[in-house]
Amino acid sequence: MHILWVKNELLHPLDKGGRIRTYEMLRRLRDHHRVTYVALDDGTTTAEQRARALEYCDDLVLVPWRRAPLRGWRRGLAILRNVFSSLPFAIAPYRSPAMTRAIRERCTGDDRADVVVCDFLVPALNVPDGLPCPVVLFQHNVEAMIWERRTRVAGHPILRLYMGEQWRRMRAVEREQCLRFDHVVAVSPEDAAVFRAQYGVERVSSVPTGVDTDFFRPSGTVPRTPASIVFTGSMDWMPNEDGMVFFVEEVLPRIERAVPEVRLTIVGRNPTARVRALAEGRPRISVTGTVPDVRPYLESAAVVVVPLRVGGGTRIKIYEAMGMERAVVSTTIGAEGLDVTDGEHIVLADDADAFADAVIALLQSPGRAAEIGQAAAAHVRAHFGWGSVAEQFAERCSAAASHPERPSSVMSMSS
């Protein structure tokens, strides 16, 4: 099968969950299928990124694209202009007629693709109608759900108003695009159920989240540090930022009263000013920024926390910590869509008191933490290796390619 994979970016560096999921799946899909990878290029793509793309695709197509302004007054102006658009700001800048042409060209002729996979909602507007091959939308999240939750936790009324408008736009675009594709693949049964119930999507299925079970194993050379808490994630992603602010301001003080020697390490790329400020005047909190390898931090942790209040899809970081044999305390939203059992593979808690109590219990009972970590590792190693996930995804694509019926075409929304 020849798969034309469409994404707005190349995958390296592998510093976000979505990039990791795509990278691991494509590496294994290439064992049995040909992959042509189409991405936008704003002129900053490096030779190393292009070279490393051959780790996950057979053919690379880079489409020139002018990046929208992301900082300062230019970003403010772009947001102001977006007021007059029907598209949410998170999607509008990625509209690319050149990418549309590139996709159409590679779906015709003798060497045409058998199936097109649009990875994430962002590039979906660039996938043209009327292609001669099936098109599959790979949804790592229910994007509108993220914006709905961001609206709920927004503190300032004006920010809440803005988030609410972006949520409404995202919901409209997401529904339209999901209905336009031949098949939608979600990352959990829960997300698939949302697409069915809220958007009326009939051709939808799910594949589980995976983990590299060979890579994420304890080395045995990094000792576990008593009273140490670790969080990993992209620290320029709002749900991670919000989660750590919530944890430091509302949960950590409760833990410190019971375990005064507790230390927190926040590991992840591009920490925002708000995240960096969490460590100011707090010598027991460390913010690392980008690290070459998260495994030593996970292996040294007594407890790994995922205190997310906003989010969608599934958190690969949880399976990575489980593979490292570490006990994880997460909110229900943080563990949403993952095949885990509370009290066996993970500990779930949602309000500040319950979350603090769960962490304290594990810090004070390292034997119990080790027991949960061992059960968690056995669970992911038995069921969630990337090879199995990629095989399931290929089956979804093959089924879409062989399906005789196509959904009625829906015209893309104008910007």
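Bear in mind the structure is a predicted one, so any value in this text is a computation, not a measurement. (Residues numbered from 1 in each chain as written. Predicted model: local features only at pLDDT ≥ 70, side-chain atom pairs only at ≥ 80, totals over all residues. Heavy atoms only, no water.)

A.B. asks: Explain the overall build of the chain to me, please; I cannot follow it from the model alone.
C.D. replies: A count of helical and extended segments in the chain gives 14 helices and 13 strands. Scaling as 2.2 N^0.38, a compact globule of 415 residues should have a C-alpha radius of gyration of about 22 Å, and the chain matches this with 22 Å. The C-alpha extent of the chain, read off along each of the three principal axes, is 65 × 50 × 45 Å. Each of the 415 residues in the chain was classed as buried or not, and the buried ones make up 55%. Partitioning the intrachain contacts of the chain with sequence separation of at least 6 by distance along the chain shows that 70% fall at a separation of at least 24. Counting every atom, the chain has about 17700 Å² of accessible surface; 51% of that belongs to carbon and sulfur. One way to put it: in the chain the 51 positive side-chain charges average out to a point 6 Å from where the 51 negative ones average out. (Helix = DSSP H or I, 4+ residues; strand = E, 2+ residues; numbered from the N terminus. Rg over C-alpha atoms; globule rule 2.2 N^0.38 Å. Buried < 20%, exposed > 50% of the residue type's maximum accessible area, 1.4 Å probe, protein only. Contact = heavy atoms within 4.5 Å. Areas by Shrake-Rupley, 256 points an atom, 1.4 Å probe, with all protein chains shown as cover. Lys, Arg positive; Asp, Glu negative; His and termini not counted. Charge placed at Lys NZ, Arg CZ, Asp CG, Glu CD.)

A.B. asks: Sorry, what's going on with the confidence of the model for the chain here?
C.D. replies: Note that predicted coordinates carrying low pLDDT should not be read in detail. In this model, the chain carries an average pLDDT of 90, and 92% of its residues clear a pLDDT of 70 or more. The low-confidence segment residues 408-415 (pLDDT under 50) makes 23 contacts with residues lying over four places distant or belonging to another chain. (pLDDT = per-residue confidence, 0-100.)

A.B. asks: Would you mind going over the sheet that holds strand S8 (residues 228-232) with me for this structure?
C.D. replies: Strand pairing within a sheet occurs via backbone hydrogen bonds; the two strands may be parallel or antiparallel. The six strands lie next to each other as S10-S9-S8-S11-S12-S13, forming an open sheet whose pairing is parallel. Only two strands of the sheet have a single partner each, and these edge strands are strand S10 (285-289) and strand S13 (347-348). Docked against the sheet, helix H12 (residues 352-364) engages S8, strand S11 (303-306), strand S12 (328-330) and S13, running at close to 165° with respect to S11. (Pairing = 2+ DSSP bridges. Axes fitted to C-alpha atoms, helices over the stretch in contact; angles between N-to-C directions.)

A.B. asks: Would you take a moment to explain the side chain of Thr-232 for this structure?
C.D. replies: In this fold, Thr-232 is placed in strand S8. On the accessibility criterion, Thr-232 (7% relative accessible area) is buried. Setting aside residues no more than four positions away along its own chain, Thr-232 makes contact with Val-267, Leu-298 and Lys-317.

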